[in-house]
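For reference, the chains in residue letters:
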Amino acid sequence: MKRDGEFIAHGLSRRRIIHIGMSEDEERAYIRASIEAVEKATGKRPIGWGNDEQPYKMTPKTGELYSLGVNAYLDDNYIHLHGRRTINEVNLLWREWFDGLYADGATTGRLMVLHLHPWIMGQPWRIRHLDEVLGHINAYQSVWKATGAEIIDWFKTHAG
């Protein structure tokens, strides 16, 4: 990882997701396989799993695992390829999503994880919109821009 990137596991494939029909053992095996795939690809075991708008500790049989919020509508792959949204709609959606989370999390905090792929959002006709969204977010006070590891470290020391 030449750029010191951070990877958080959230599944193996968009075609194979966690669903209500899975048994607990199937779900645990899927999460385990996802984490192992990230570790094999990056050389570093992720300590985060994407889910929900606030972190929480999961209960794996071994090791530690914390959930971080990744929503399909904050995933550029999903929203562009499956959500069939224009980039202008995405720009507005992400800014309004942040506004709602900011208001909702005034006393408790909320996570907004933009799940981005360079080959999707990095395209010349899209990157300007990402800059606009990030500018909108950065204009607010008390916004903490952090890596998943930083969020988990904070959560581990502050969670009841």
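The volume enclosed by the second largest pocket comes to roughly 380 Å³. R28, I31, P60, K61 and L65 are the residues nearest the centre of the second largest pocket, which is lined by 17 residues in total.

Tallying each qualifying case throughout the model produces 5 aromatic pairs. Judged by centre distance (5.6 Å) and plane angle (40°), the ring pair of F98 and Y102 falls under tilted. Of this pair, F98 and Y102 both sit in helix α3 (residues 87-104), separated by 4 residues, roughly a single helical turn. For F98, a relative accessible area of 7% corresponds to the buried category. On the numbers, 4.8 Å between centres and 75° between planes, the contact of F98 with Y140 is edge-to-face. Residue F98 is located in helix α3, and its partner Y140 is located in the loop between α5 (124-138) and α6 (148-158); the two are separated by 42 residues in the primary sequence. Members of the aromatic cluster, joined through ring pairs, are F98, Y102 and Y140.

Right, let's talk about α5 for a bit. Given a rise of 1.5 Å per residue, 15 residues ought to cover 21 Å, and the 22 Å separating the end C-alpha atoms of α5 matches this to within 8%. Among all positions of α5, only R126, H129, L130, V133 and I137 are buried. Along α5, the residues classed as buried sweep out an arc of 105° about the axis, all on the same side. The secondary structure elements touched by the buried residues of α5 are α2 (76-82), α3 and α4 (118-121).

Here the focus is the side chain of H117. By the element assignment, H117 lies in the loop between α3 and α4. Apart from the residues within four sequence positions on either side, H117 is in contact with D75, D76, N77 and G122.

The subject of this paragraph is the pattern of salt bridges. Taken as a whole, this structure holds 5 salt bridges when the rule is applied. E39 serves as the salt-bridge partner of R45, at 3.0 Å between the closest nitrogen and oxygen. Using a relative accessible area of 43% as the deciding quantity, one classes R45 as partly exposed. When the shortest N-O distance is used, the salt bridge between R110 and D104 registers 3.0 Å. Take D104: its relative accessible area is 45%, and that puts it in the partly exposed class.

Packing of α3 against α5 brings their axes to within 10 Å, and their N-to-C directions diverge by 15°. Taken together, the axis directions place α3 and α5 in an arrangement best described as roughly parallel. Both α3 and α5 take part in a crossing whose hand is right-handed. Touching I87, N88, N91, W94, R95, F98 and D99 of α3 are W125, R126, H129, L130, E132, V133, H136 and I137, all from α5. In the contact of α3 with α5, the residues fall into 7 nonpolar, 4 polar and 4 charged.

What follows concerns the side chain of H115. You can see H115 is positioned in the loop between α3 and α4. Not counting residues within four places of it along the chain, the set of residues in contact with H115 comprises H10, V70, L74, D75 and D76.

Thresholds applied
- Residues numbered from 1 in each chain as written.
- Predicted model: local features only at pLDDT ≥ 70, side-chain atom pairs only at ≥ 80, totals over all residues.
- Heavy atoms only, no water.
- 1 Å grid on protein atoms, 1.4 Å probe; cavity = no way out; pocket = protein on both sides within 12 Å on 5 of 7 lines; lining within 4 Å.
- Points joined across faces, edges and corners; volume = space filled by probe spheres on them.
- Phe/Tyr/Trp six-rings, centres within 6.5 Å; stacked < 30°, edge-to-face > 60°.
- Helix = DSSP H or I, 4+ residues; strand = E, 2+ residues; numbered from the N terminus.
- Buried < 20%, exposed > 50% of the residue type's maximum accessible area, 1.4 Å probe, protein only.
- Expected span 1.5 Å × (residues − 1).
- Arc of directions from axis to C-beta.
- Contact = heavy atoms within 4.5 Å.
- Salt bridge = Lys/Arg side-chain N within 4 Å of Asp/Glu carboxyl O.
- Axes fitted to C-alpha atoms, helices over the stretch in contact; angles between N-to-C directions.
- Parallel < 35°, antiparallel > 145°, perpendicular 65-115°, else oblique.
- Left-handed = near helix turned anticlockwise from the far one by under 90°.
- Nonpolar A, V, L, I, M, F, W, Y, C, P; charged D, E, K, R; others polar.

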